[in-house]
Amino acid sequence: MAALSDFACFDRYYRWRDYFNDLGRCYDPQTGMVYVEQAGLVWMLLPVCLGLVVMVLFLQNRMKQQ
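Every value quoted in this text rests on a predicted model; they were computed, and no experiment measured them. (Residues numbered from 1 in each chain as written. Predicted model: local features only at pLDDT ≥ 70, side-chain atom pairs only at ≥ 80, totals over all residues. Heavy atoms only, no water.)

Draft legend 1. Region of the structure containing the overall build of the chain. Counting its secondary structure elements, the chain contains two helices and two strands. Beginning at the N terminus, the succession of helices and strands in the chain can be written as α-β-β-α. Here the chain, with 66 residues, has 20% of them falling under the buried criterion. Across the chain, the fraction of contacts at a sequence separation of at least 24, relative to all contacts at a separation of at least 6, is 38%. Summed over all atoms, the accessible surface of the chain reaches about 5,500 Å², with 64% contributed by carbon and sulfur. (Helix = DSSP H or I, 4+ residues; strand = E, 2+ residues; numbered from the N terminus. Buried < 20%, exposed > 50% of the residue type's maximum accessible area, 1.4 Å probe, protein only. Contact = heavy atoms within 4.5 Å. Areas by Shrake-Rupley, 256 points an atom, 1.4 Å probe, with all protein chains shown as cover.)

Draft legend 2. Geometry of the pairing of strand 2 (residues 33-36). As paired strands, strand 1 (residues 25-28) and strand 2 are joined by four bridges and run antiparallel to one another. Looking at the pairing, Arg25 lines up with Val36 of strand 2. Counted between consecutive antiparallel strands, the loop separating strand 1 from strand 2 contains four residues, among which Gly32 sits at a positive phi close to 75 degrees. (Pairing = 2+ DSSP bridges.)

Draft legend 3. Looking closely at the side chain of Asp28. Among the structural elements, Asp28 can be located in strand 1. A polar atom in the side chain of Asp28 sits 2.9 Å from the side chain of Thr31. The residues touching Asp28, leaving out its near neighbours within four places in the chain, are Trp16, Met33 and Tyr35. (Polar contact = N/O pair within 3.5 Å; in protein donor to acceptor, adjacent residues only side chain to side chain.)

Draft legend 4. Just a nonpolar patch on the surface, in detail. A contiguous nonpolar patch, built from Val48, Leu52, Met55, Phe58 and Leu59 and spanning about 480 Å² of accessible area, is present on the exposed surface. Within the secondary structure, Leu59 is located in helix 2 (residues 39-65). (Patch = residues over 30% accessible without salt bridge, like charges linked within 9 Å, V, L, I, M, F, W, Y side chains within 5 Å. Salt bridge = Lys/Arg side-chain N within 4 Å of Asp/Glu carboxyl O.)

Draft legend 5. View of the environment of Pro47. Counting through the fold element by element, Pro47 comes out in helix 2. Note: C-alpha distance between Pro47 and Leu4 (43 residues apart in sequence) is 8.7 Å.

Bear in mind that shape data such as this cannot, by itself, settle questions of function.
Right, dumping it as structure tokens:
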């Protein structure tokens, strides 16, 4: 799930980060898609949250074993 979120972040935000205009939008004429700069925050938060969940589950499992 984290890898999928990372790919979505790269595809929807990271590779377009230099092309956003003053309104925070980028238009791709080849695909007809409009990318929004604010979406980058959402795509970045997903892997971070998933990483925290995995870390908590790992630590919880370690505590049970001791």
